[in-house]
Amino acid sequence: MIALWKWYRSKSFMLKITVGFTLGLIFGLTFGPANTFFAPLGIIFMNLLKMIVIPLIFLSLIVAVNHSNPTELGRIGVKVFPIYVITTGISVAIGIIIASIMRPGKGVSTDSEIVISVPERQGFLDTLINMIPTNIIKSFADGNILSVVFMAVIAGLAILYMRHAQDNKQQDMGYTLMKFTEAANEATLKILNGILEYAPIGVFGITAATIGNQGIDTVIALAKFVITSYIGVILLLVVFYPIILKLWGGKVIQFYKDIKESMLTAFVTCSSLGTLPITLRAAKKAGIDERIANLTLPIGATVNMNGTALRLGVAVIFASEIIGMPLSMVELVSIVVIGTLAAVGTAGVPGAGLIAMSAVFAQAGLPIEIVGLTAGINVLVDMVFTLGNVTGDLVAAKMVDLSERRHEAKNIKIQIDPQA
Ligand code: ASP
């Protein structure tokens, strides 16, 4: 038994989750719905990830804020938000273009039996206002990530200012709090390492149950929608992201090699937030400064949704084609704007894209029933969109990292040679 455990531990994480995924796929395709038997294995994995994500975000953000200085914090924020907004907007546009070429709505009829209950969705401004928690404990309990991010930044800044206070007592207390947070963060990372040992089994459970339960009939009816979605995200991955990474001076192939575990986990779990612990680890591997990763990735997992944005572009064209209502250029541009805002307001959890879709449809005057039509195959497309989302978060973090490194190099040069 011990020998087996040692053998298991000696194998690479990537190899183990790939084996879990492949076995899940084989079981799913062979035994169909009977695979529900394995679903609990996947639920355990998702629960473990959700359990660790809030403490991880809270503690690692406080540590990250303390390892930076206020100017640096501001600079990182100013760099990353425009990247989020611009890449999201471009992703909606890519979705529109690819769907206009592929025409996924051709031949699809609306008389679908599937109905979806659409939960109420917050507006963009509400999302911002609700970041400020009225009840701290409730925010943690509800897993409201933006509130947790907000509290962590405030707590981090308070500790930072205490450590730099004139008063010795304040300084002492500041250092004690900082040490405690760093130690708690280390403990969280140890727990995460334990969870990751279980990941391959969880991945097997999720894949077998998902693939096994996906009705083949719905898949065939909406095959073009699924294929268009996959082609769109592949374009993001092999054209759009590499171009911007190259423009910022990054090494594309190496970057993808470093983040592949996070990409596969995103694909399997359909959750940017659930994948976050693994995304943070991947960022380290990709050489992204820990402060930048810890500051940007938790926010990115909630607000930066390039895959979801692409879905909105594809879905709008899909719907307009089904109902035979071509959209004008002005309408398309306004959909890029609405889609960007809706993607920002989408939570990084499975199925959230359907809610964003309903919001955009409501604003664009398209029938909500078409959202229901795609609900049957949502898991299949959610997988690839989440992959686009998580990769986009890491790309943005890498871009900020590369730009910060250039900034530092320039500063060193100025110090050595003030004339430079
Ligand atoms: N599942 C996606 C994510 O977690 C969000 C979506 O449904 O589009 O990133």
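Per chain, residues are indexed from 1 in the order of the written sequence. Only residues with pLDDT of at least 70 are given local features in this predicted model, and only at 80 or more are side-chain atom pairs given and counted; all residues enter the totals for whole chains, interfaces and linings. As a rule here, side-chain values come from all non-hydrogen atoms in the structure, and water together with hydrogens is ignored.

Chemist: So what's going on with the packing of aromatic side chains? Which residues, and what values?
Modeler: To pair, rings of Phe, Tyr and Trp, with the six-membered ring standing in for Trp, must have centres within 6.5 Å; the planes then decide the type, stacked if under 30 degrees apart, edge-to-face if over 60, and tilted in the middle. Summed over the entire model, instances satisfying the criterion amount to 13 aromatic pairs. Between phenylalanine 45 and tyrosine 198 the ring centres are 6.5 Å apart and the planes differ by 55°, which places this aromatic pair in the tilted class. With a gap of 153 residues between them, phenylalanine 45 in helix α3 (residues 39-66) and tyrosine 198 in helix α8 (residues 168-213) connect regions that are remote in the sequence. Relative accessible area decides the class of each residue, using a 1.4 Å probe on protein chains only: under 20% of the type maximum gives buried, over 50% gives exposed, and in between gives partly exposed. When its relative accessible area of 0% is taken as the criterion, phenylalanine 45 is described as buried. Each residue in the set Phe27, Phe31, Phe37, Phe38 and Phe204 is aromatic and connected to the rest through ring pairs, giving one cluster. Sitting above the plane of the tyrosine 8 ring, lysine 16 keeps its charged end 4.3 Å from the centroid. Here the basic side chain of arginine 281 rests over the ring of phenylalanine 13, its NZ or CZ set 5.2 Å away from the ring centre. A run of H or I in DSSP becomes a helix once it reaches four residues, and a run of E becomes a strand once it reaches two; helices and strands are each numbered from the N terminus. Charge-over-ring placement is defined geometrically: NZ (Lys) or CZ (Arg) within 6 Å of the ring centre, and within 35 degrees of the ring normal.

Chemist: Describe the side chain of serine 60, naming the residues involved and giving the relevant values.
Modeler: Inspection of the secondary structure assignment puts serine 60 in helix α3. Contacts of serine 60, omitting those with residues within four sequence positions, involve Pro55, Asn185 and Asn294. Only heavy atoms matter for contacts: two residues are in contact if any of them lie within 4.5 Å across the pair.

Chemist: Help me get a handle on the site of the ligand, residues and values and all.
Modeler: Close to the ligand lie 15 residues; Ser272, Thr308, Gly353, Asp382 and Asn389 are nearest. Here a polar contact is recorded for every N or O atom pair within 3.5 Å, except that within protein the pair must consist of a potential hydrogen donor and a potential acceptor, and residues adjacent in sequence are included only if both atoms are side-chain atoms. For the ligand, a nitrogen atom lies 3.2 Å from a polar atom in the side chain of threonine 386. The accessible surface values rely on the Shrake-Rupley method and a 1.4 Å probe; as for residues, cover is taken only from the protein chains in view. Against a free-state accessible area of 270 Å², the protein chains account for coverage of 100% of the ligand. Note on residue classes: Ala, Val, Leu, Ile, Met, Phe, Trp, Tyr, Cys and Pro are nonpolar, Asp, Glu, Lys and Arg are charged, and everything else, Gly too, is polar. Grouping the amino acids of the shell around the ligand by side-chain chemistry returns six nonpolar, eight polar and one charged. A molecule or strand has a residue near it when one of that residue's heavy atoms lies within 4 Å.

Chemist: Please provide a residue-by-residue account of the environment of threonine 30, values included.
Modeler: Along the chain, threonine 30 turns up in helix α2 (residues 13-31). It is 64 Å that separates the C-alpha atoms of threonine 30 and isoleucine 414, two residues lying 384 residues apart in sequence.

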